[in-house]
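Breakdown of the fold
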Amino acid sequence: MYVPVAKPFVGEEEIAAVAEVMRSGMLAQGDVVAEFESRFAGYCGAAHGVAVNSGTAALHAALLAAGVGPGDSVIVPSFSFIATATCVSMCGATPIFVDVDEQAFTIDPAAVREAIRPDTKAVVGVHLYGQPFDVAALARICDEADLLLVEDAAQAHGAAYRGRRVGSLGDLACFSFYPTKNMTTGEGGMVTTNDADLAEKVRLFINHGQSRKYLHTAIGYNYRLTNIGAAVGLVQLDRLEGFNERRILNAARLYRCAEESGLIPPYCRGDVRHVYHQYVVRVPDDLTLDRDAVMQHLHDAGVGTAVHYPVPIHCQPVYTAEAKGCRCPVSERLAASVLSLPVHPQVTDDDLDHICSALRSL
Ligand SMILES: Cc1ncc(COP(=O)(O)O)c(C=O)c1O
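The rules behind each value
- Residue positions are given per chain, counting from 1 as you read along its sequence in written order.
- Two thresholds apply to this predicted model, a pLDDT of at least 70 for residue-level local features and 80 or more for giving and counting side-chain atom pairs, whereas whole-chain, interface and lining totals are computed over all residues.
- Heavy atoms throughout the structure, all of them, feed into the side-chain values; hydrogens and water do not.
- At least two DSSP bridges between two strands are required for those strands to pair.
- Counting from the N terminus, the helices are DSSP H or I runs at least four residues long and the strands are E runs at least two residues long.
- Note on geometry: axes are C-alpha line fits, over the in-contact stretch for helices, and angles between N-to-C directions span 0 to 180 degrees.
- Residue contacts are counted whenever heavy atoms from the two residues lie within 4.5 Å of one another.
- We call a residue near a molecule or strand as soon as one heavy atom of that residue lies within 4 Å of the molecule or strand.
- Here a polar contact is taken to be a pair of N or O atoms separated by no more than 3.5 Å, where protein atoms must pair a possible hydrogen donor with a possible acceptor and residues adjacent in sequence count only if both atoms sit in side chains.
- Note that accessible areas follow from Shrake-Rupley with a 1.4 Å probe, and for residues the cover is restricted to the protein chains shown.
- Here the term cavity refers to a set of points on a 1 Å grid, laid over the protein atoms alone, in which a 1.4 Å probe fits but cannot get out; the term pocket refers to an open set having protein on both sides within 12 Å along at least five of seven lines, with lining residues being those that place an atom within 4 Å of a point.
- Think of it this way: a molecule belongs to a cavity or pocket when more than half its atoms come within 2 Å of the grid points there.
- Polar here means any residue outside two lists: the nonpolar Ala, Val, Leu, Ile, Met, Phe, Trp, Tyr, Cys and Pro, and the charged Asp, Glu, Lys and Arg; Gly therefore counts as polar.
- Grid points are joined across faces, edges and corners, and a volume is the space filled by probe spheres set on the points.

Take the sheet that holds strand β4 (residues 120–126) next. Across the sheet, seven strands lie side by side as β1-β9-β8-β5-β4-β2-β3; this open sheet has mixed pairing. Looking at which strands have only one partner, the edges of the open sheet turn out to be β1 (48–52) and β3 (94–98). When strand polarity is set aside, the average angle formed by the axes of neighbouring strands in this sheet is 20°. Running at roughly 15° to β1, helix α7 (residues 196–205) makes contact with β1, β8 (172–176) and β9 (189–193) of the sheet.

Before going further, it helps to spend a moment on the site of the ligand. As a matter of local geometry, the ligand sits amid 16 residues, with Gly55, Thr56, Asp152, Ser176 and Lys181 nearest to it. Here Gly55 contributes a backbone N or O atom positioned 2.8 Å from an oxygen atom of the ligand. Within the side chain of Lys181, a nitrogen or oxygen atom sits 2.7 Å from an oxygen atom of the ligand. Protein coverage of the free-state accessible area of the ligand, which is 390 Å², stands at 91%. With respect to the detected pockets, the ligand is housed in the largest pocket. No other element matches the three residues that helix α3 (residues 55–65) contributes to the shell around the ligand. Split by residue class, the shell around the ligand holds six nonpolar, eight polar and two charged.

When its volume is computed, the largest pocket comes out at roughly 360 Å³. Lining the largest pocket are 24 residues, with Phe81, Ser176, Tyr178, Lys181 and Tyr309 sitting closest to its centre. Looking at the lining of the largest pocket, the elements with two or more residues in it are α3 and α4 (83–90). Counting residues per element, the lining of the largest pocket draws most heavily on α3, which supplies three residues.

Turning to the sheet that holds strand β6 (residues 160–161), a few remarks are in order. The antiparallel open sheet is built from three strands, whose spatial order is β7-β6-β12. Only two strands of the sheet have a single neighbouring strand rather than two, namely β7 (164–165) and β12 (272–273). Bridge count between β6 and β12: two bridges; the pairing is antiparallel. For Ala160, the partnering residue across the bridge sits in β12 and is Arg273.

Here it is, written out as structure tokens:
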């Protein structure tokens, strides 16, 4: 038995939905995309949704719509997937890396306050591993400093902060529908917002800067989602609550086993719904095995693991210049100690027994 750390679920309904689009001949952007945009935005409690072909495209288009460009800076957490920062660079602006909270792993509001510069235009907070960042604290800072708040919700479909779903908590929110995410369209993404003007701008940038057919008022991109992807997305959206409930159940089981085996289970804030895109433990320094040895042991026992992420963004070679003088010690400690265990909805009760016995044998 081997339990992989990720395993996307695609059922007969997705296959049938794709076949229907194929038979219709309307493969690219069309009515199915429009329906997916409206249903996904509605699910998030946002007024507008603009579908795109990746989470990276969502972030890039959102920042362009926010007016981010050369001469601006944008504050981002150093502990995230690289796209959280590269989308800032893609706009010609400069990312400013800040540290994260050591317990929750999400962006540290106090560090954001200290990092604001006269040229700062926006803050990107990441709902990392499916747990919302401290939205109230960050929104207050952004309000006071007149900065736009962008949610990187790539890992948090269906997560909630104080009873409100992510995707409607900042000025703009960006989702990814990559296969390992909480729901998928193959590749894909979505920008959600309550601001009609921002939504219109996102739409401009994802479609060649075209404001009317063959009239181009901005340098834009082809970031459009296809009807094929949207058809998959509509079925997956119906499954999302079930997927997330199973992730939450699996996380509760893993908590006890992780703790008993000497690993540090993840912390969940009291005022959020964490949807466990990843179940991330820390390997403590005083464990007899180091992280590599733990991974090898679990692999040999039939349990897949991964490290999200082994190098903080401010330590990435591509950001040597931008990161000069930057200090993010928590991100560095996390990068050296985190470990993701299988938590996805295809992890069964038997799989959990198997994972727990592998953990206990550490
Ligand atoms: C936090 C975060 N932001 C952005 C992205 C980019 O999404 P995509 O891979 O769909 O471009 C990802 C995807 O891995 C992510 O995890």
